[in-house]
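The lines below spell out each chain.
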There are 8 protein chains.
Amino acid sequence: MSKPYVRLDKSQAAVLLVDHQSGLLSLVRDIEPDRFKNNVLALADLAKYFKLPTILTTSFESGPNGPLVPELKELFPDAPYIARPGNINAWDNEDFVKAVKATGKKQLIIAGVVTEVCVAFPALSALEEGFDVFVVADASGTFNEVTRDAAWRRMEAAGAQLMTWFGVACELHRDWRNDIEGLAALFSAHIPDYRNLITSYSTLTAAK
Amino acid sequence: MSKPYVRLDKSQAAVLLVDHQSGLLSLVRDIEPDRFKNNVLALADLAKYFKLPTILTTSFESGPNGPLVPELKELFPDAPYIARPGNINAWDNEDFVKAVKATGKKQLIIAGVVTEVCVAFPALSALEEGFDVFVVADASGTFNEVTRDAAWRRMEAAGAQLMTWFGVACELHRDWRNDIEGLAALFSAHIPDYRNLITSYSTLTAAK
Amino acid sequence: MSKPYVRLDKSQAAVLLVDHQSGLLSLVRDIEPDRFKNNVLALADLAKYFKLPTILTTSFESGPNGPLVPELKELFPDAPYIARPGNINAWDNEDFVKAVKATGKKQLIIAGVVTEVCVAFPALSALEEGFDVFVVADASGTFNEVTRDAAWRRMEAAGAQLMTWFGVACELHRDWRNDIEGLAALFSAHIPDYRNLITSYSTLTAAK
Amino acid sequence: MSKPYVRLDKSQAAVLLVDHQSGLLSLVRDIEPDRFKNNVLALADLAKYFKLPTILTTSFESGPNGPLVPELKELFPDAPYIARPGNINAWDNEDFVKAVKATGKKQLIIAGVVTEVCVAFPALSALEEGFDVFVVADASGTFNEVTRDAAWRRMEAAGAQLMTWFGVACELHRDWRNDIEGLAALFSAHIPDYRNLITSYSTLTAAK
Amino acid sequence: MSKPYVRLDKSQAAVLLVDHQSGLLSLVRDIEPDRFKNNVLALADLAKYFKLPTILTTSFESGPNGPLVPELKELFPDAPYIARPGNINAWDNEDFVKAVKATGKKQLIIAGVVTEVCVAFPALSALEEGFDVFVVADASGTFNEVTRDAAWRRMEAAGAQLMTWFGVACELHRDWRNDIEGLAALFSAHIPDYRNLITSYSTLTAAK
Amino acid sequence: MSKPYVRLDKSQAAVLLVDHQSGLLSLVRDIEPDRFKNNVLALADLAKYFKLPTILTTSFESGPNGPLVPELKELFPDAPYIARPGNINAWDNEDFVKAVKATGKKQLIIAGVVTEVCVAFPALSALEEGFDVFVVADASGTFNEVTRDAAWRRMEAAGAQLMTWFGVACELHRDWRNDIEGLAALFSAHIPDYRNLITSYSTLTAAK
Amino acid sequence: MSKPYVRLDKSQAAVLLVDHQSGLLSLVRDIEPDRFKNNVLALADLAKYFKLPTILTTSFESGPNGPLVPELKELFPDAPYIARPGNINAWDNEDFVKAVKATGKKQLIIAGVVTEVCVAFPALSALEEGFDVFVVADASGTFNEVTRDAAWRRMEAAGAQLMTWFGVACELHRDWRNDIEGLAALFSAHIPDYRNLITSYSTLTAAK
Amino acid sequence: MSKPYVRLDKSQAAVLLVDHQSGLLSLVRDIEPDRFKNNVLALADLAKYFKLPTILTTSFESGPNGPLVPELKELFPDAPYIARPGNINAWDNEDFVKAVKATGKKQLIIAGVVTEVCVAFPALSALEEGFDVFVVADASGTFNEVTRDAAWRRMEAAGAQLMTWFGVACELHRDWRNDIEGLAALFSAHIPDYRNLITSYSTLTAAK
């Protein structure tokens, strides 16, 4: 009766980054800005590192919601970029769904702003169409904890798997031996505690 | 095995505001009074904006529970108003259930005070009768977080969808192009951060 | 697929108070002692008020766990009182199960110390035997929030309904008209905010 | 050795509102936006109510800091309004200091965004020149609690008195008999709990 | 340069209970209602136990602020009771100050609602007149932690000593041998953890 | 439709301790280090006390993750010890799975660092193969509460039971009479409050 | 006008451990029991390590307050041990003051339970007599944060220096070269994070 | 009687960065690692930007404390770098004091790890010698909030001014017109919310 273990597989996964826009980010208050920025960039970096097809989308860039944050544009210059003219649920936008389906992937890793709308709506729609949905909880943000928790529960009840970027990276990588330096660099760039471990370790081993 | 995505539809939804009374509100301590007042009025404003049939109900207005807060009375002068003489669960009151059924809507958006009683009891009863129930978590309040969390879990296990007012508005609206100014005005009135975005944006574009 | 609404009914419910002992209470740190004492006594008072069969049980009273708190003994002088000589799960004690079954009730309202053991174990056992189990979350206590949350999730997954004493009282009472003064007295004794509402109300109406 | 009690006096006090700008407000995260907006407007309303000379100032309105929030402009159409071209400490701006001195008041009530800069700097400068400074803690905001606490300590050590808007209003009013309705209206507009008390009270007394 | 140790002395102390009224209590949100009620009654009980002269005062009892909570009236039927017709600072009321001075005591133990007004204003005034002021922090309440902390800092800077009811009781009692049973009864009535210690202890020693 | 009660049984349970390494422990920030160390050692001690087969595993001991903490090595000198050369999910390591299966146990008690990876991955894999999985929530740690909660939800949805070490010990022991002193010693070593109860109790009974 | 830097000096300091008794410890709720136990033992270990004269005192050991925790008795078998028959302020007990003065030390390092009474009272008295007082904040505990903060402020205003055990150890030691291994052992025993650093470091350097 | 306003002046200030080492950083738990890393680098960047003489110091780099984090080394390749062989208080190290005095500056801006030792000890020593000390609270870290608060109070009582990096930057800069782009770049690099404001602003003005 429990959910089966659907395991992230780098050959089957795509990443959807929804509405990380400079205006909308000022609404995010369930997570500190420093940590949130780091988590979003960590997710973007891992998408790049694992060469996952990545889709960017925004709503109303020309209005008060503001443009996509420049870091994401720079990281994915060739990614499909759907600037939605009005659909709140990205899944209501045909171009977006086409782009998703064009990846040929069945596992969707989703993050965005704000959680209960820009993440939850397409997550629920994708689940309805049979995709496996992995919500990156710590690269998604919203007004406050009450809103976030309600959004998590709704997505979870519909079958989404809640993860955070570190777990996504580890589940995709499977085995350190696939590339020790690459994964360590990813962690070092986005986890200060891990970077400190590496600094201490390298210094000591270099000193031998 | 997961819950299907039942999506709010403005042609199928009604709003039930249960026991937002001046006395009972002093019991609410799981949310700050300023935020709670704002959330309740935001929900009321969106009900109005989307022209959703809305039903008001109170328990024991003449006693220490106090009268319905005046703002709600003023916003919905013609709405069905069921002052229950004694039923704690509004759904035990025939007039209330009749009023709900008279709307002809299948999707019930519920908020009230206190969450585990005035919201949870009619929510559970409505679910039992086959309605789709959407609990507006941030326009409902109760004694403390423990009580709130237990109430959420009970409703969720019975099939209710947990949302907050912003998500409700977005899911009902579907597409900004249906009415940009109207939705922006709703957000501006109830989300200070959004209002600030609009202020900055309007000033800059006006300055061109 | 959701849980049906099993509604508390005063003709079908019994109350189980498990291990509220003077020593064990010093382990409770997920709730302030003042609030916890009040909640436990509120649950006891409502059991009395609704004339629900009530069963008391303790573990190792003669050792460091200490005796049952005197207030509970005094409130229920004639209740079955099972001082378990060693069983940690009260349901492993035949006398306890016999006492529960002798009530002839199908709905069990359980509270105790500590939540993940003294409440969860008999709750899980009772669910296994087909009882409807209502856990009174705010009259149960344990070491910390992590422990409490894990215990709640385990019981909930097994089918228990999570409630708090106020919701239990309201669901049992159904209609204020059954006895306004009695219920108001119960609330006034255990909810300072409600008592204040009554004080203000009575003073003003008396002044007419 | 202790500080003497310098008591706010409506004939001696002026209000300085510093940098409540639509852009800068997105930096404020030590207080919820709903509460903060309410507190700032409450302070503005009390300045108006007590007819205190009020001075508005902003920094870089034409840049990303954004314009003064429109509500403040509207409330004080004739107040001195010093749009500082560059000085971070408002007290470094001659026009601002002139405006302050032109009020002829010795007691300065200050609030602004962000606390440790826009409030603390002019507060420290004004103290240095012998003014009595009253910081309105809940109408000032900043990045986080650590920053806020450090700012409070620095101002307090320099002799500022820390207050909140409600205390300011009460200390200025001195005696309810000076104007019951006016003060009640101010509280009712900005304290939901107080408004509820008045609603219950008025309903009951009207019912006599 | 530090403050000298002014030690509470039961022959020199009086207690001032300011504005613990049924309406105003709904404004208190920096402390749980159960704990706050317990703390206020603990302070009242200790005033009684140590036979300290106690003065009650209220503001606008006939309006929305509501009457003094009945427990305090009952505990001090013969205490001076100054129902202030309008003064917000009790010290501005001549009858109140007369009553205070009539006690002939130099040490004033003050608690009330709300902290930054009803407690802080008379505390500051009394300090100005040379009294030693002891603020009972946990029997005083206000809107939120920010307001409370600002009020504490203001009083502390003016020379008040911040205490809580337990410390007041201990400093007044000096030596358990003065009356073991009386002090134990006071603690047992208001500290559940202490009551549990006594229950365990008495049971074990009785069992010998 | 609810999960059946799968009860821990000391003849059917094994313990898996995953990646409690000196470097990785610096990543754990959802629990205080003092409490976490105590919880991990308590779990280890109970594994020993109940003679449960215990398996140790680590990832990359020679790198920055650091070696297994020495206490665990010392407690289980003869336990299978799988130093994984690269598999992130321990269940991907054949030696580990063989060691687990060699125990012949069906109930797996798992704890580790970090929760969403080192605990969740093998827990999900073991559930997939039909094992009963009991996650020891308070002997597992990770970056923050958001990450922990997401990990708990994912494991719970897949059928894991969430417990804490104290509940595990109690469910395994079943009856105090099996060995009073042994269990009391375990609690006394790891629960300061319980140790205090025993100290008070022993002193008083020794004094008879 | 600021306080001069009185620096702890191992030749001038004595340690006073006040009322760490098995019953009273159940009152401590401003700090987790695991952390508190560790901090108290860390302070005791450092007293031993630096060979500071140490004085133990208790109140009413034979009553519900319970005996001194056995660990402290064992660590200081020859220390002056003043079991006070009734004085709440240890400084009111002649034997205690004599023992303190007999050490010939001017710097008193004090910790105890509960902070606002057993620590604050003798701290204030000792300051009055000209001693330098260092309160070990994290080896002292009380009912809740409000009580603790009020106690800290009172002691601080009277001239006490607030420290924690780690700072005390560092200020006494002055220079690692005085004894690297001894200090490292002290930290390793009481700071899990530090122990982990040492484990990683030793393993790597041993591997060379 | 209050402290005079000693204002940071870029011609009179030097920065001391004390013991930001890869091992010691794992002890810091009063602030999230992402935020802390950002704050420390922000302080370093501002030191660089304002060309303040900066001094680096470490304790026991070759042991478990680990090396200085590489970012700081890289930012200040030519700064005095005092690797202390054993002195815990950097001020006890003659080379360090010489380096400080060699800057010829009177205002010392200090940050480090851990707050109550590596920051507080040299801060107290420098105050004793007549320096003006500015503690950068958010670029200093320690074990927990209790330790941090006690350290702040001790330094504050001795005359230190508590600031955070943003306030330091603003107080040094004085006037935006001195260099708009430079300051904006500093803020943009370290304050995600500010960066978002600039992104929105630039996009809109560029679009004109």
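Residues numbered from 1 in each chain as written. Chains lettered and ligands numbered in written order. Predicted model: local features only at pLDDT ≥ 70, side-chain atom pairs only at ≥ 80, totals over all residues. Heavy atoms only, no water.

- As recorded by an unreviewed UniProt entry, chain A carries the name Nicotinamidase-related amidase and is attributed to Pseudomonas delhiensis.

1. Some words on the environment of I82 of chain B
Stage number 1. Among the secondary structure elements, I82 of chain B is positioned in strand β3 (residues 81-84).
Stage number 2. The class for I82 of chain B is buried, based on a relative accessible area of 9%. (Helix = DSSP H or I, 4+ residues; strand = E, 2+ residues; numbered from the N terminus. Buried < 20%, exposed > 50% of the residue type's maximum accessible area, 1.4 Å probe, protein only.)

2. Brief notes about the domain arrangement of chain A
All names here are of chain A.
Stage number 1. As far as domains go, chain A holds domain 1 (13-174) and domain 2 (176-207).
Stage number 2. One C-alpha centre belongs to domain 1, the other to domain 2, and the line joining them spans 27 Å.
Stage number 3. Each partner contributes to the interface: domain 1 provides 13 residues, whereas domain 2 provides ten residues.
Stage number 4. Both sides together, the interface formed by domain 1 and domain 2 hides about 930 Å², and carbon and sulfur atoms give 67% of it.
Stage number 5. Joining domain 1 to domain 2, the criterion identifies zero salt bridges.
Stage number 6. The interface formed by domain 1 and domain 2 holds five residue pairs in polar contact (both at pLDDT 80 or more) in total.
Stage number 7. Taken together, the elements giving at least two residues each to the side of domain 1 that touches domain 2 come down to α1 (33-49) and α6 (165-173).
Stage number 8. The element that contributes the greatest number of residues to the side of domain 1 that touches domain 2 is α1, accounting for six residues.
Stage number 9. Across the side of domain 1 that touches domain 2, the residue classes break down as nine nonpolar, two polar and two charged. (Domains from an automatic or database assignment. Contact = heavy atoms within 4.5 Å. Buried area = accessible area lost by both parts, 1.4 Å probe. Salt bridge = Lys/Arg side-chain N within 4 Å of Asp/Glu carboxyl O. Polar contact = N/O pair within 3.5 Å; in protein donor to acceptor, adjacent residues only side chain to side chain. Nonpolar A, V, L, I, M, F, W, Y, C, P; charged D, E, K, R; others polar.)

3. Description of the packing of helix α8 (residues 192-206) of chain C against helix α1 (residues 33-49) of chain E
Stage number 1. Taken N-terminus to C-terminus, the directions of α8 of chain C and α1 of chain E make an angle of 70°; their axes are 8 Å apart at the nearest point. In terms of axis orientation, α8 of chain C runs roughly perpendicular to α1 of chain E. Note on element contacts: α1 of chain E touches α8 of chain C through P33, D34 and K37 of chain E, opposite P192, D193 and R195 of chain C.
Stage number 2. Looking at side-chain class alone, the contact of α8 of chain C with α1 of chain E contains two nonpolar, no polar and four charged residues. (Axes fitted to C-alpha atoms, helices over the stretch in contact; angles between N-to-C directions. Parallel < 35°, antiparallel > 145°, perpendicular 65-115°, else oblique.)

4. Considering the pattern of salt bridges
Stage number 1. Counted according to the given criterion, the structure contains 97 salt bridges over all chains.
Stage number 2. Between D175 of chain E and R177 of chain E there is a salt bridge, and its shortest N-O distance comes to 2.6 Å.
Stage number 3. Judged by relative accessible area, D175 of chain E falls into the buried class, the value being 13%.
Stage number 4. Here R177 of chain E falls in the partly exposed class, since its relative accessible area comes to 47%.
Stage number 5. When salt bridges with common partners are traced through the structure, they connect D30, R148 and D149 of chain A into a single cluster.

5. Focus on the sheet that holds strand β1 (residues 13-18) of chain C
Each strand in a sheet pairs with another by means of backbone hydrogen bonds, the pair being arranged parallel or else antiparallel.
Residues and elements named next belong to chain C.
Stage number 1. A sheet is described by the order of its strands in space; here six strands give the open sequence β3-β2-β1-β4-β5-β6, paired in parallel fashion. Looking at the sheet topology across the chains shown, the edges are occupied by β3 (81-84) and β6 (161-163). Within the sheet, the average angular offset between the axes of one strand and its neighbour, ignoring direction, is 25°.
Stage number 2. The strands touched by helix α3 (residues 94-102) within the sheet are β1, β2 (54-59), β3 and β4 (107-112), with β2 carrying the most contacts at an inclination of about 170°. (Pairing = 2+ DSSP bridges.)

6. Observations regarding the relation of the copies chain F and chain A
Stage number 1. In screw terms, the move from chain F to chain A is a rotation of 90° and a rise of 0.0 Å along the axis, fitting with an RMSD of 0.0 Å. In symmetry terms, the pair is related by a four-fold rotation axis. (Least-squares fit on C-alpha atoms with pLDDT ≥ 70 in both.)

7. Side note on the relation of the copies chain D and chain H
Stage number 1. Expressed as a screw operation, the relation of chain D to chain H combines 0.0 Å of axial shift with a rotation of 90°, fitting to an RMSD of 0.0 Å.
Stage number 2. Mapped onto chain H, only 11% of the interface residues of chain D again fall at the interface, so the copies present different surfaces.

8. Quick notes on the interface of chain F and chain A
Stage number 1. In this assembly, 37 residues from chain F lie in contact with 35 residues from chain A.
Stage number 2. Carbon and sulfur atoms supply 60% of the area that chain F and chain A bury against each other, a total of about 3,100 Å² over both sides.
Stage number 3. Run the count over chain F and chain A and you get four salt bridges.
Stage number 4. The partner of R153 of chain F in a salt bridge is E156 of chain A, and the shortest N-O contact between them spans 2.9 Å.
Stage number 5. Between chain F and chain A we count nine residue pairs in polar contact (both at pLDDT 80 or more) in total.
Stage number 6. When contributions to the side of chain F that touches chain A are tallied by element, the ones reaching two or more residues are α4 (115-128) and α5 (145-157) of chain F.

9. A word on the sheet that holds strand β3 (residues 81-84) of chain G
Stage number 1. Taken in spatial order, the six strands make up an open sheet running β3-β2-β1-β4-β5-β6 (chain G), and their pairing is parallel. Sheet topology places β3 and β6 (161-163) of chain G at the edges, where each strand pairs with a single neighbour. Within the sheet, the average angular offset between the axes of one strand and its neighbour, ignoring direction, is 25°.
Stage number 2. Judged from the six bridges that link them, strand β1 (residues 13-18) of chain G and strand β4 (residues 107-112) of chain G form a sheet pairing that is parallel. Across the sheet, residue V15 of chain G finds its bridge partner in β4 of chain G, namely I109 of chain G.
Stage number 3. Taken strand by strand, helix α3 (residues 94-102) of chain G contacts β1, β2 (54-59), β3 and β4 of chain G, and its axis lies near 170° from that of β2 of chain G.
Stage number 4. Packed on one face of the sheet, helix α5 (residues 145-157) of chain H meets β5 (132-136) and β6 of chain G and runs near 150° to β6 of chain G.

10. Describing the environment of I191 of chain B
Stage number 1. Here I191 of chain B lies in the loop between α7 (180-190) and α8 (192-206).
Stage number 2. In this structure the C-alpha to C-alpha distance between I191 of chain B and L43 of chain B, which are 148 residues apart in sequence, comes to 12 Å.
Stage number 3. Beyond its immediate stretch of four places on either side in the chain, I191 of chain B contacts L27 and F143 of chain A together with W165 and F166 of chain B.

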